[in-house]
Every structure is written in C-alpha cells, then in structure tokens.
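Residues per chain are reported as follows:
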Amino acid sequence: MWTWFYRLASPPFVYRTAAALTPWFMTVAALSIGYGLIDGLGFAPPDYQQGDAYRIIYVHAPSAWMSLFAYTTLAVAGAIGLIWRIKMAYAVAAATAPIGASFTLLALVTGSLWGRPMWGTYWAWDPRLTSELILLFLYIGVMSLRAAFEDPARGDRAAALLAIVGVVNVPIIHFSVLWWNSLHQGATVAKIGKSEMPGSMLWPLLAMLLGFMCFYGAVLCMRLRGEVLNRERRSAWVREALKS
Amino acid sequence: MNAGGFWSMGGYARYVWPCFGFACTVLAWNLWSARRYHAAARVRAQRAMAMMDE
C-alpha cells in the first residue's frame, strides 16, 4: 500500500498518468454533459412550483458540488504535502485552486440568477450564499498567498496551511440549510434512493454532476502537467518527456 | 416541448439562458487556460533544457 502511495510522489509517474487520464476524463465529460443538457433542457418536465426556472439546477448544483469537492481536494493535498513533504501534493493543490474558484464563481452567479425569479432578489446575506462567497474568498486567498512568496516552497506551505484552516467552511456550507433558517432550499439529492426529485429530472442532474466531475478531472490533469513541468524543468526525465 | 416554449423557458428565458451561457464560458475558460498553462510550462522547460545544454 505504501509503495503505491509513494509512487504517487514521483513526478514522472504523475506527469504520465495525468497525460493518460486526460482523454478518458474528457470523453466521459463530453458525453455526460451532452446527455444532461439535452435531457435536462429538452425533455425533463417543468417543476410544478418553479416552472422552467428550475432548469438552472443543471448547472448550479454540479458547480456548487464541484466547488466543495475541489476545495476538499485542495485541503487534503495541502495536508499530504505538509505531513509527508510530498512535492506533487503541492502541485495538485496549486492546479486545483483556479478550477475550484471558477466553479465557485459559477455557482454564485447561477444561484443569483435563479434567486431573482424565485426569491425576488439576486442576493441575500443568507447562510448558504454567504458561506459560498467566503469559499470564493478562500480560493482567492490561497492562490494569492502562494503567489506572494518568492520562494515557491514557502508559498506552497503557507497556502496549504490556509487551505487546511479554511476547510472548516466546507461542512458549514453543506449543513447551513439545516443549521440556520435559510432562503436556500434543502438538499435535493442528499441520499441516493431518497431523492425528492422524480427520475425524469434526477437523471440529467446526475449526468451533469458526472460530467462536471470528469471535466474537473481532465482540466486538473492538464494543469497538473504544467505544474509538474514548472517544478521539475531542470530534471533529466523532463527531457525525455518533452520529446514524446 | 415545442421550439417556442424551449427558447422562452416558460417566461424565465432571461434567467435560464444566461446561466447556461455563463457555464459554457467558465468551462471553455478552464479548458483554454489549462492548455495555455501546460503549453507555457513546456516552453519554459524547453528553454531550461537548452540553457543547460549550452
């Protein structure tokens, strides 16, 4: 088990694995998002309360899920980097931050556009919305902190520390709709098999989630390859890798 | 759903379509920036190799 774990620390292994995984992730992402869009926009029935406005869920929910998933990845990678001093974990953290920030921005913008017809306002200082906004600031803070250090190793460590401290916000976002009175609706797909959504609405949503997840995987692999090259550009293996 | 109903989204078109448009923009930006980042890293690595050879 530990051999496998330490193999992950090898830059050539990470570089080659990321290259091999990218087209697979991208293919599944294209197929899932394509199906989710066609089914979700064209065939799923309108909601009995929200009409066709609910279709925003097909981009809003997956982007919100991915914002939390990417931040958790950022914090876990940072923790692995700090505890085991694995440089590639810092590369994963650096690669995931801008992707997660973009998904958070997407969740905030689509949520705001959904809120206007349903709540009568684009923005409210609601616990879910506010904690999601804090998540965006955390992403920006982590990226800025890393970039602020001249020594990349110190920047990596400082950013990892901030990411770990900020991970406390992830359960707050998730449970905010249960802990406080919130304009935001409760979890729709919290437990498999107990969803309040009918299958005709749920399947395109799950397809979009899978698509966004695989898209995240593909973009992460592409960014990670760049990150590895930046950090290892004076290593002998890079010469061989660049030839292929 | 007919074509007219599809585009009007039951009167919510001005909220629904910008969401999907912005989502497309964010996904496209991610793809473009990741490709550019990798390409720039390759160029930097090639330069570093060339300097080491000199």
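Enquirer: I keep staring at the overall build of chain B and nothing clicks. Help me out?
Expert: Helices and strands together make up the secondary structure of chain B, namely 2 helices and 0 strands. Its C-alpha radius of gyration of 22 Å places chain B more than 25% over the 10 Å reference for a compact globule of 54 residues. Dimensions of chain B, computed from the C-alpha atoms along their principal axes, are close to 65 × 15 × 10 Å. Looking at chain B as shown, the accessible area adds up to about 3,300 Å², and 62% of this sits on carbon and sulfur atoms.

Enquirer: I tried to follow the pattern of salt bridges on my own but got confused; where do I start?
Expert: If charged atoms from side chains of opposite charge come close, those side chains can pair. Residue and element names in this part refer to chain A. Applying the stated criterion across every chain, the model contains 6 salt bridges over all chains. Close ionic contact of lysine 87 with glutamate 232 constitutes a salt bridge, the shortest N to O distance being 3.4 Å. Here lysine 87 is found in helix 4 (residues 87-119), whereas its partner glutamate 232 is found in helix 8 (residues 199-232), with 145 residues between them in sequence. For glutamate 232, a relative accessible area of 8% translates into the label buried.

Enquirer: Before we go on, may I ask you to explain the environment of Gly120(A) in this structure?
Expert: Looking at the secondary structure, you find Gly120(A) in the loop between helix 4 and helix 5 (127-148). Considered as a pair, Gly120(A) and Tyr139(A) are 19 residues apart in the sequence and their alpha carbons are 29 Å apart.

Enquirer: What is the right way to look at the interface of chain B and chain A in this model?
Expert: Contacts between the two partners involve 32 residues from chain B and, on the opposite side, 44 residues from chain A. Roughly 3,500 Å² is buried in total at the junction of chain B and chain A, and carbon and sulfur atoms are behind 73% of that figure. Broken down residue by residue, the surface that chain B buries against chain A is led by Tyr15(B), Phe20(B) and Tyr37(B), which jointly contribute 18%. In this structure, the connection of chain B to chain A is made through 1 salt bridge. Applying the counting criterion to the chain B and chain A interface returns 9 residue pairs in polar contact (both at pLDDT 80 or more). Sort the elements by how many residues they give to the side of chain B that touches chain A and helix 2 (residues 13-53) of chain B lands first, with 27 residues.

Enquirer: How should helix 8 of chain A be read in this particular structure?
Expert: Given 3.6 residues per turn, any residue in an α-helix points the same way as the ones three and four places further on. Spanning 34 residues, helix 8 of chain A covers 48 Å between terminal C-alpha atoms, matching the ideal 50 Å at 1.5 Å per step. In terms of burial, helix 8 of chain A is a largely internal element, 26 of the 34 residues being buried.

Enquirer: How should I be thinking about the layout of surface pockets in this particular structure?
Expert: Here the idea is plain: a probe the size of a water molecule rolls over the atoms and shows the empty space left. Residue and element names in this part refer to chain A. When its volume is computed, the second largest pocket comes out at roughly 650 Å³. In terms of lining residues, the second largest pocket is bounded by 25 residues, among which Leu8, Thr73, Val92, Leu220 and Leu224 are the most central. Here the lining of the second largest pocket is built from residues that sort into 22 nonpolar, 3 polar and no charged.

Enquirer: What exactly am I supposed to notice about the packing of aromatic side chains here?
Expert: Any aromatic ring pair is given by two values, namely how distant the centres are and how the planes are angled relative to each other. Enumeration over the complete set of coordinates arrives at 11 aromatic pairs over all chains. With centroids separated by 5.5 Å and ring planes inclined at 25°, the aromatic side chains of Phe175(A) and Trp179(A) adopt a geometry described as stacked. Here Phe175(A) pairs with Trp179(A), and both are found in helix 7 (residues 169-179), just 4 residues apart, close to one helical turn. Of the residues examined, Phe175(A) reaches a relative accessible area of 32% and is grouped as partly exposed. Seen from their ring centres, Phe6(B) and Trp7(B) are 5.0 Å apart, and the 75° between their planes marks the pair as edge-to-face. Judged by relative accessible area, which is 55%, Trp7(B) ranks as exposed. Three or more aromatic residues link up through ring pairs in this structure, and these residues are Phe6(B), Trp7(B), Trp17(B) and Phe20(B). Directly above the aromatic system of Tyr122(A) lies the positively charged group of Arg116(A), at a separation of 5.6 Å from the ring centroid. When the ring centre of Tyr15(A) is taken as reference, the NZ or CZ atom of Arg225(A) above it lies at 4.7 Å.

Enquirer: Looking at this structure, how should I read the nonpolar core?
Expert: Residues and elements named next belong to chain A. Formed by 74 residues in total, the largest nonpolar core has its most connected members in Ile57, Tyr58, Tyr71, Leu74, Phe103 and Phe212. It is helix 8 that contributes the most residues to this core, 14 residues altogether. Those residues in contact with isoleucine 57 that sit more than four places away from it in its chain are Pro62, Trp114, Met197 and Leu205.

Enquirer: Teacher, can you tell me more about the confidence of the model for chain B here?
Expert: As a note on interpretation, predicted positions should not be read in detail where pLDDT is low. Averaged over all residues, the pLDDT of chain B is 91; the fraction at 70 or higher stands at 98%. Interface confidence in the predicted complex, given as ipTM, is 0.93; pTM for the same model is 0.93.

Enquirer: What is the right way to look at the side chain of His60(A) in this model?
Expert: All names here are of chain A. Within the secondary structure layout, histidine 60 lies in helix 3 (residues 57-84). On the basis of relative accessible area, histidine 60 is assigned to the buried category, the value being 11%. Within the structure, the side chain of histidine 60 is placed 3.1 Å from the side chain of threonine 110, a separation counted as a polar contact.

Conventions we followed
- Residues numbered from 1 in each chain as written.
- Chains lettered and ligands numbered in written order.
- Predicted model: local features only at pLDDT ≥ 70, side-chain atom pairs only at ≥ 80, totals over all residues.
- Heavy atoms only, no water.
- Helix = DSSP H or I, 4+ residues; strand = E, 2+ residues; numbered from the N terminus.
- Rg over C-alpha atoms; globule rule 2.2 N^0.38 Å.
- Areas by Shrake-Rupley, 256 points an atom, 1.4 Å probe, with all protein chains shown as cover.
- Salt bridge = Lys/Arg side-chain N within 4 Å of Asp/Glu carboxyl O.
- Buried < 20%, exposed > 50% of the residue type's maximum accessible area, 1.4 Å probe, protein only.
- Contact = heavy atoms within 4.5 Å.
- Buried area = accessible area lost by both parts, 1.4 Å probe.
- Polar contact = N/O pair within 3.5 Å; in protein donor to acceptor, adjacent residues only side chain to side chain.
- Expected span 1.5 Å × (residues − 1).
- 1 Å grid on protein atoms, 1.4 Å probe; cavity = no way out; pocket = protein on both sides within 12 Å on 5 of 7 lines; lining within 4 Å.
- Points joined across faces, edges and corners; volume = space filled by probe spheres on them.
- Nonpolar A, V, L, I, M, F, W, Y, C, P; charged D, E, K, R; others polar.
- Phe/Tyr/Trp six-rings, centres within 6.5 Å; stacked < 30°, edge-to-face > 60°.
- Lys NZ or Arg CZ within 6 Å of the ring centre and 35° of its normal.
- Core = buried A, V, L, I, M, F, W, Y, C linked by side-chain atoms within 4.5 Å.
- pLDDT = per-residue confidence, 0-100.

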